[in-house]
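Observations on the model geometry
Each chain is listed here by its residues.
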Amino acid sequence: MTDQDRSVWPLALAVRWAGRLLCWALGAGMATAAVGLAVAPRASWWPTLWPLPWYVTAASALLWAVLRAREKYVLSGGGDDDPQTDEEVYAEWDQAA
C-alpha cells in the first residue's frame, strides 16, 4: 500500500458513508411521501416528520459531492500537473499507434 493509498483511505470511507446516507435518506423520503399520500396521517408530529428525510437528502448530497471532489483531487496528485492540450493527447495517441 502506497502513501497515497493510505492518505485516501479515510476519505474514501467518508465518501462511501456519505453515499449510503444519501441513498437511505432518499429512500426514507420516498417512503414518507408515499405514506403521506396513501394514508394521510393526522398525527400532530407528521408535518414535522415527513419533510425531514428530504432535508437530510439535500444535505447528504452536498456532503457527498464535496467529499467526492476532494477524493478525486487527492487521487489526481493534488492538481500539480498541468493539463495536457488536445494536441499533446493526439500526439501521444499517434505515438502509441
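Just so we're clear, the structure is a prediction, and the values are computed from it rather than from any experiment. (Residues numbered from 1 in each chain as written. Predicted model: local features only at pLDDT ≥ 70, side-chain atom pairs only at ≥ 80, totals over all residues. Heavy atoms only, no water.)

With that settled, consider the overall build of the protein chain. What the protein chain contains, in helices and strands, is four helices and zero strands. Sequence-distant contacts, at least 24 apart, represent 77% of the contacts inside the protein chain between residues at least 6 apart. Here the protein chain displays about 7,600 Å² of accessible surface, and carbon together with sulfur accounts for 65% of that area. (Helix = DSSP H or I, 4+ residues; strand = E, 2+ residues; numbered from the N terminus. Contact = heavy atoms within 4.5 Å. Areas by Shrake-Rupley, 256 points an atom, 1.4 Å probe, with all protein chains shown as cover.)

The next thing to look at is helix 3 (residues 52-75). Spanning 24 residues, helix 3 covers 34 Å between terminal C-alpha atoms, matching the ideal 34 Å at 1.5 Å per step. Every buried residue of helix 3 is listed here: P53, T57, S60, L67 and E71. Count one or two residues on from helix 3 and you reach G77, which has phi positive near 95°. (Expected span 1.5 Å × (residues − 1). Buried < 20%, exposed > 50% of the residue type's maximum accessible area, 1.4 Å probe, protein only.)

Judged by side-chain polarity, L21, W45, L49, L52, Y55 and V56 come together as a nonpolar surface patch covering roughly 600 Å² of accessible area. For the nonpolar patch, the leading source of residues is helix 3, giving three residues. We classify L49 as partly exposed; its relative accessible area is 34%. (Patch = residues over 30% accessible without salt bridge, like charges linked within 9 Å, V, L, I, M, F, W, Y side chains within 5 Å. Salt bridge = Lys/Arg side-chain N within 4 Å of Asp/Glu carboxyl O.)

The next thing to look at is the pattern of salt bridges. Scanning the entire structure with this criterion turns up one salt bridge. For R68, the salt bridge identified is with E71, shortest N-O distance 2.6 Å. One end of the pair is R68 and the other is E71, both in helix 3 and three residues apart, which spans about a single turn. Its relative accessible area of 8% is what places E71 among the buried residues.

Another point: the environment of A25. Within the secondary structure layout, A25 lies in helix 1 (residues 3-38). A25 sits 36 residues away from A61 along the chain, and the two C-alpha atoms are 9.7 Å apart. Setting aside residues no more than four positions away along its own chain, A25 makes contact with P53, V56 and T57.

Across the protein chain, the average pLDDT comes to 84, with 72% of residues at or above 70. For the protein chain, helix 4 (residues 86-96) is the element with the lowest average pLDDT, namely 63, and helix 3 is the one with the highest, namely 94. (pLDDT = per-residue confidence, 0-100.)

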